[in-house]
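Observations on the three-dimensional arrangement
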Amino acid sequence: MAQNIYDDAQFFDGYSQFPRSREGLAGAAEWPSLRAMLPPLSGLRVLDLGCGFGYFAQWAAKAGAAEVVGLDLSENMLDVARRNCADLPVRFARADLETAALGDGAYDLVFSSLAVHYLADFDSFCARVRAALVPGGSLVFSMEHPVFAARATPDFVTDAEGRMVGAVLDYLREGERLTNWIADGVVKHHRLISTTINSLIAAGFVLDHVEEWAATDADIAQHPEWEKERYQPMFLLFSAHLSAPASA
Ligand SMILES: C[S@@+](CC[C@H](N)C(=O)[O-])C[C@H]1O[C@@H](n2cnc3c(N)ncnc32)[C@H](O)[C@@H]1O
């Protein structure tokens, strides 16, 4: 079973202080880019994997999705998600994305924000997402960018010239990383961009867009605290789809 760090009280308290936790999608720097990669949601059956506090599920239901299901490993996160979506046609359930069956042709869109870097077996995940989608269905997801996920500590260091440097050690060694982020010993899994792309292709996905998110001048004007996001990308975003069978 995967590590369930979001049910650790100290970690959960720390994570709950972040702007994305308190403000929802408005507090997620990469959300405008991710939103631009989504198809129109009206009438779609949507699965949100690693749904966290349920902010995307809430947005999807309000955007007209016919059905929204959110899955997460953490009871803490699911409790908040259920409260955030109390009056909406959204269902939440506990599941380990490492192994859970995700359905069989049950969804038009699978969405996942910042969860897949917690998974050891991305090939298995892609195969199960593929099975969950209808032909022609879409997958839109984000992950920690590998230059960030590869590091044991997310903090920058200052070099002899006073520049901020993110020390990316061991970039080509894929696999488990024990990181000190909010709490010590958080387990993440580093994989290369090429590995991620090749897993998607092997599972039958057609890539539509890949983005290494960066703060723009307009972002920095509004959020000076994002300046360090200009040094290295923190988020990697993908949209992909399954081919629909040719009509007879
Ligand atoms: C960084 S949070 C992102 C939450 C939300 N998607 C967002 O973007 O705000 C990562 C989420 O993935 C969940 N998660 C991590 N590993 C998981 C696993 N193996 N199965 C299901 N959920 C998992 C965590 O519990 C947490 O809610």
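Please refer to the structure higher up on the page.
The model shown is predicted, which means the values in this text are computed figures rather than measured ones. (Residues numbered from 1 in each chain as written. Predicted model: local features only at pLDDT ≥ 70, side-chain atom pairs only at ≥ 80, totals over all residues.)

Our next topic: the overall build of the chain. The number of helices and strands found in the chain is 9 helices and 11 strands. In terms of C-alpha radius of gyration, the chain reaches 18 Å, essentially the compact-globule figure of 18 Å for 248 residues. Burial statistics for the chain: of 248 residues in total, 37% are counted as buried. Within the chain, contacts between residues separated by at least 24 positions form 67% of all contacts whose residues are at least 6 apart in sequence. (Helix = DSSP H or I, 4+ residues; strand = E, 2+ residues; numbered from the N terminus. Rg over C-alpha atoms; globule rule 2.2 N^0.38 Å. Buried ≥ 20, exposed ≤ 12 C-beta atoms within 10 Å, placed from the backbone. Contact = placed C-beta atoms within 7 Å.)

Along the chain, leucine 44 turns up in the loop between α3 (31–36) and β1 (45–49). Put simply, leucine 44 and glutamate 30 are 14 residues apart on the chain and 23 Å apart in space, counted from C-alpha to C-alpha. When near neighbours in sequence (up to four residues on either side) are disregarded, leucine 44 contacts Ala65, Ala66, Asp108 and Leu109.

Taken in spatial order, the 7 strands make up an open sheet running β3-β2-β1-β4-β5-β11-β10, and their pairing is mixed. Strands with a single pairing partner mark the edges of an open sheet, and in this sheet they are β3 (90–94) and β10 (205–212). Between one strand axis and the next, the sheet turns by 15° as a mean value, whatever way the strands run. Pairing between strand β4 (residues 107–113) and strand β5 (residues 133–144): 6 bridges, direction parallel. Bridge pairing in β5 links valine 110 to leucine 139. Helix α4 (residues 55–62) contacts β1, β2 (67–72), β3 and β4 of the sheet and is inclined by roughly 175° relative to β2. (Pairing = 2+ DSSP bridges. Axes fitted to C-alpha atoms, helices over the stretch in contact; angles between N-to-C directions.)

Okay, the site of the ligand next. Near the ligand you find 19 residues, and of these Ala2, Gly50, Gly52, Leu73 and Ser113 are the closest. Of the residues assigned to the shell around the ligand, the class counts are 11 nonpolar, 4 polar and 4 charged. (Near = placed C-beta within 6 Å. Nonpolar A, V, L, I, M, F, W, Y, C, P; charged D, E, K, R; others polar.)

Here the focus is the pairing of β1. Counting buried positions along β1 yields 5 of 5 residues, so the element is predominantly enclosed. Burial along β1 is two-sided: the face carrying Arg45, Leu47 and Leu49 and the face carrying Val46 and Asp48 are both buried. Sheet topology places β1 next to β2; 5 bridges connect them, and they run parallel. For aspartate 48, the partnering residue across the bridge sits in β2 and is glycine 70. A crossover connection joins β1 to the parallel β2 through α4; in handedness this β-α-β unit is right-handed. Relative to β4, β1 runs parallel, the two being bridged by 3 bridges. Each bridged residue has a counterpart across the sheet, and for aspartate 48 the counterpart in β4 is phenylalanine 111. (Right-handed = clockwise from strand over helix to strand, strands pointing away.)

Turning our eyes to something else, we now look at the packing of helix α6 (residues 122–132) against helix α8 (residues 193–202). It is the contact of α6 with α8, at a shortest axis distance of 9 Å, that shows an interaxial angle of 35°. As for the relative orientation of α6 and α8, their crossing is right-handed in sense. Along its contact with α6, which presents Phe122, Asp123 and Cys126, the element α8 presents Thr196, Ser199, Leu200 and Ala202. A per-class count over the contact of α6 with α8 returns 4 nonpolar, 2 polar and 1 charged. (Left-handed = near helix turned anticlockwise from the far one by under 90°.)

As a further point, take unusual backbone geometry. Within the chain, leucine 114 stands out as a residue other than glycine whose phi angle is a positive 55°. With respect to the helices and strands, leucine 114 occurs in the loop between β4 and α6. Using a count of 18 C-beta atoms within 10 Å as the deciding quantity, one classes leucine 114 as partly exposed.

Let us look at the nonpolar core. Counting residues in hydrophobic clusters, the biggest one holds 60 residues, and the most contacted among them are Val46, Ala57 and Val110. Take this core: its biggest share by element is 6 residues, from α4. Residues in contact with valine 46, not counting those within four places in the same chain, are Leu41, Ala60, Ala65, Glu67, Val68, Tyr107, Leu109 and Phe111. (Core = buried A, V, L, I, M, F, W, Y, C linked by C-beta atoms within 7 Å.)

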